[in-house]
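Here is what each chain is made of, one letter per residue.
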Amino acid sequence: MRVAIVHDWLTGMRGGEKCLEVFCEIYPEADIFTLFHQPGSVSEAIERHRIYTSPLQRIPGARRRYRYMLPFMPTAVRMFSLREYDFILSSSHCVAKGARGGYGTYHLNYCHTPMRYAWSGYEDYLARLDGAAKWFFPRFVEYLRKWDNEANRGVHDFIANSHTVAERIRSYYGRQAEGLYPPVDTEFYRSRNERVSDYYLMVTAFAPYKRVDAAVEAFGGLGRPLKVVGEGQDFDRIRETGKSNVEFLGWQGDDTIRELYAGCRAFILPGEEDFGITPLEAQACGRPVLALGKGGALETVVGVNAQEYEAPLGFTPWNGAEGEEVAPTGMFFSSSEPKHIEEAVLAFEKIEHRFSPEAARRQAERFACENFKKAAAERFRQGWLNHREQLEKSGETY
C-alpha cells in the first residue's frame with residue numbers, strides 16, 4: 001500500500017520527531033508531507049524520505065518564523081495532494097490531522113495533543129497578549145476550534161501519546177483514543193560514568209507552557225547551579241532574567257545532552273507536559289526527576305510528594321504490571337510557582353540518597369524504542385485491516 005506520513009513541521013528533533021523517526025522505520029517507502037522543512041534539522045532516518053512541503057515554505061523567512069503562519073496552516077495542510085495514497089498516518093499537535101485523502105483512504109492520527117493554542121493552553125497564551133492581539137486571539141481561536149472539530153471527521157482512528165492526551169481527545173473532540181507511549185532511545189541514553197555533579201538540568205523548548213521562567217526564578221532564589229539546554233520564542237526574555245548560577249546553553253547535540261543528563265544532580269520539569277520524553281531520557285541515564293505533578297509526568301515518573309516526601313504516592317505507571325511495586329524515581333511539586341519548585345528542590349536534597357540510578361533506568365526501559373515500534377506497527381496494521389473489512393462489508397469498492 002502507498003503510505004503518506006503527514007507531520008506538522010520539520011524544524012528540529014523534539015519528541016514528535018522522535019516518534020516520526022520510528023514511523024519512518026516502519027514504513028521506509030512512505031512519503032512525508034509537512035508544512036515547513038529546514039533541511040538538516042532532523043535525523044537522517046527522516047531526511048532520506050521524499051519530503052513534500054506546503055506553499056507556505058516559499059514565503060520569505062517562513063522557515064524561521066513559521067509559528068506566525070498559524071492562521072494559514074489549516075488551509076495549507078488541505079492543499080496536499082493525497083488522493084492516491086491508501087494510508088495517511090498523521091503525526092500531529094497542530095493541523096496535520098486535517099490532511100485529506102481520497103475515497104477509501106484510511107487515516108490514522110497519532111496525536112501528541114489537541115491543538116494547544118485552541119484548547120488546553122488557551123488561557124496561558126491569552127494571558128501573554130495585550131492590545132489588539134488580545135482582542136483578536138479569542139476570535140481566531142473560535143475559528144480554529146471549529147476547523148479542528150471539523151477536521152476530526154476525516155480521521156478514522158486516533159492514537160494518543162498518553163492517558164493525559166487521550167482524555168483531552170475525549171473532552172475536546174468527543175472521540176475515543178487508544179494510548180501508545182512515545183519511544184525512548186534507551187540504547188543511546190545511558191550513563192557512561194558514575195560521576196554526578198552538583199548542577200540541576202533542564203532540556204526544553206522555550207515555549208510558554210514549559211514554564212522555564214518559573215524554574216529560572218526558583219533557582220535564582222536557591223542559588224543552586226542550573227543548566228538549561230534549548231531555544232525558542234521566550235529564550236531572550238528568560239535569559240535576561242537569569243542570575244549567574246543559571247547557564248543557558250542553547251540547543252546541543254545528542255552526545256552533549258547525554259553527558260549532561262548523566263552528570264546532573266536531578267532533572268527539572270516545571271511545566272505540564274502532554275507526555276514528555278526528556279524526563280525519561282534523564283531516567284535512562286540513571287538520574288531522578290523533579291516534576292510538576294500533572295499531565296504526562298504522572299505517567300513517566302514514579303513520584304514522591306514534595307510536601308509529604310516520607311510517603312510515596314503509590315503510583316504505578318500505565319504500562320506497569322498489575323500490582324507491581326515500583327521504586328520512586330523522582331519527586332512531584334504541586335504547582336509551577338517558583339516557591340513550590342524551591343520547596344521541591346530542598347525536600348529532594350534531604351532524601352537524595354533514596355533515589356537509585358538502577359530504579360530510574362528500569363523505569364525508562366519500559367518505554368524502549370523497540371517496544372514502541374512493535375506496538376505501533378501492529379496497531380497501524382490492525383487499523384488498516386479493520387478499515388478494509390468495513391469497506392467490504394458496506395459493499396463499497398476500495
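None of these values were measured; they are calculated from a predicted model.

Draft legend 1. Layout of the pattern of salt bridges. Tallying each qualifying case throughout the model produces 28 salt bridges. Two residues, glutamate 281 and lysine 18, come together in a salt bridge whose shortest N-O distance is 2.6 Å. Remark: lysine 18 occurs in helix H1 (residues 15-26) and glutamate 281 occurs in helix H10 (residues 278-284); sequence separation between them is 263 residues. Here glutamate 281 matches lysine 18 in class, with each residue buried.

Draft legend 2. Fine view of the nonpolar core. In this structure, Val6, Leu35, Phe36, Met73 and Leu82 are the most contacted members of the largest nonpolar core, which totals 45 residues. Listed by contribution, the elements that provide at least two residues to this core are strand E1 (3-7), helix H3 (73-77), helix H4 (122-127), helix H5 (131-151), strand E6 (157-160) and helix H6 (163-173). Ranked by residues supplied to this core, first place goes to H5 with six residues. Not counting residues up to four positions away in its chain, the partners in contact with phenylalanine 36 are Asp8, Trp9, Leu10, Thr53, Leu56, Gln57, Ala62, Tyr66, Met69 and Met73.

Draft legend 3. Looking closely at the sheet that holds strand E3 (residues 51-53). Sheet architecture is open: seven strands sit in the order E3-E2-E1-E4-E5-E6-E7, paired in parallel fashion. At either margin of the open sheet sits one strand with a lone partner, and together these are E3 and strand E7 (177-179). Going across the sheet, the axis of each strand differs from the next one's by a mean of 25°, ignoring polarity. Two strands pair when backbone bridges link them, and E6 and E7 are joined in this way by three bridges, in the parallel orientation. Bridging across to E7, isoleucine 159 finds its partner in glutamate 178.

Draft legend 4. Quick peek at the sheet that holds strand E10 (residues 246-250). Strand order in the open sheet formed by seven strands is E10-E9-E8-E11-E12-E14-E13, with parallel pairing between adjacent strands. Every interior strand has two partners, whereas the edge strands, E10 and strand E13 (303-305), have only one. Across the sheet, the axes of successive neighbouring strands diverge by a mean angle of 25°, strand direction being ignored. Examined bridge by bridge, strand E8 (residues 200-203) and strand E9 (residues 226-229) share four bridges and lie parallel to one another. Residue valine 203 lies in a different strand from E9, and its bridge partner there is valine 229. Where helix H7 (residues 212-222) meets the sheet, it contacts E8, E9, E10 and strand E11 (266-269), and its direction lies at approximately 160° from that of E9. In this fold helix H12 (residues 338-350) packs onto E8, E11, strand E12 (289-292) and strand E14 (330-333), with an angle of close to 150° to the strand it touches most, E14.

Draft legend 5. Main features of the side chain of serine 92. Its place among the elements puts serine 92 in strand E4 (residues 87-92). Serine 92 gets classed as buried once you look at its relative accessible area, which sits at 2%. Here the side chain of serine 92 touches alanine 96 through a polar contact of 3.3 Å, landing on its backbone nitrogen. Those residues in contact with serine 92 that sit more than four places away from it in its chain are Asp8, Lys97, Asn109, Tyr110, Cys111, His112 and Thr113.

Draft legend 6. How the structure looks around the packing of aromatic side chains. Taken as a whole, this structure holds 32 aromatic pairs when the rule is applied. Seen from their ring centres, phenylalanine 33 and tyrosine 85 are 5.7 Å apart, and the 85° between their planes marks the pair as edge-to-face. Highlighted residues: phenylalanine 33 in strand E2 (residues 31-34) and tyrosine 85 in the loop between H3 and E4, separated in sequence by 52 residues. Three or more aromatic residues joined by ring pairs make a cluster, and in this case those are Phe23, Tyr27, Phe87, Tyr106, Tyr110, Phe372 and Phe380. Its guanidinium or amino end placed over the ring of tyrosine 199, lysine 227 lies 5.2 Å from that ring's centre, counting from NZ or CZ.

Draft legend 7. Spotlight on the confidence of the model for the protein. Counting all residues, the mean pLDDT for the protein is 90, and 93% of those residues have values of 70 or more. Under a pLDDT of 50 for its full length, residues 309-323 has, in the predicted model, 37 contacts with residues more than four places off or in other chains.

Draft legend 8. Spatial organisation of the packing of H7 against H12. As a packed pair, H7 and H12 sit with axes 8 Å apart at the nearest point and diverge in direction by 55°. Of the possible angle classes, the one that applies to H7 and H12 is oblique. Crossing angle aside, the handedness with which H7 passes H12 is right-handed. Facing Ala214, Ala215, Glu217, Ala218, Phe219, Gly221 and Leu222 of H7, the residues of H12 in contact are Pro338, Ile341, Glu342, Val345 and Leu346. Taken together, the residues that form the contact of H7 with H12 break down as nine nonpolar, one polar and two charged.

Draft legend 9. Region of interest: helix H9 (residues 254-263). Looking at H9, one finds that the buried residues are Ile257, Arg258, Leu260, Tyr261, Ala262 and Gly263. In this structure, the buried residues of H9 make contact with E8, E9, E10, E11 and H10.

Draft legend 10. Geometry of the pairing of E11. Here E11 shows two buried faces, one formed by Ala266 and Ile268 and the other by Phe267 and Leu269. Pairing geometry for E8 and E11, over two bridges, is parallel. Along E11, the bridge assignment pairs tyrosine 200 with alanine 266. Pairing of E11 with E12 involves three bridges; the strand directions are parallel. Residue pairing across strands places phenylalanine 267 opposite valine 289, the latter belonging to E12. Crossover connection from E11 via H10 to parallel E12: handedness right-handed.

About the cut-offs
Residues numbered from 1 in each chain as written. Predicted model: local features only at pLDDT ≥ 70, side-chain atom pairs only at ≥ 80, totals over all residues. Heavy atoms only, no water. Salt bridge = Lys/Arg side-chain N within 4 Å of Asp/Glu carboxyl O. Helix = DSSP H or I, 4+ residues; strand = E, 2+ residues; numbered from the N terminus. Buried < 20%, exposed > 50% of the residue type's maximum accessible area, 1.4 Å probe, protein only. Core = buried A, V, L, I, M, F, W, Y, C linked by side-chain atoms within 4.5 Å. Contact = heavy atoms within 4.5 Å. Pairing = 2+ DSSP bridges. Axes fitted to C-alpha atoms, helices over the stretch in contact; angles between N-to-C directions. Polar contact = N/O pair within 3.5 Å; in protein donor to acceptor, adjacent residues only side chain to side chain. Phe/Tyr/Trp six-rings, centres within 6.5 Å; stacked < 30°, edge-to-face > 60°. Lys NZ or Arg CZ within 6 Å of the ring centre and 35° of its normal. pLDDT = per-residue confidence, 0-100. Parallel < 35°, antiparallel > 145°, perpendicular 65-115°, else oblique. Left-handed = near helix turned anticlockwise from the far one by under 90°. Nonpolar A, V, L, I, M, F, W, Y, C, P; charged D, E, K, R; others polar. Right-handed = clockwise from strand over helix to strand, strands pointing away.

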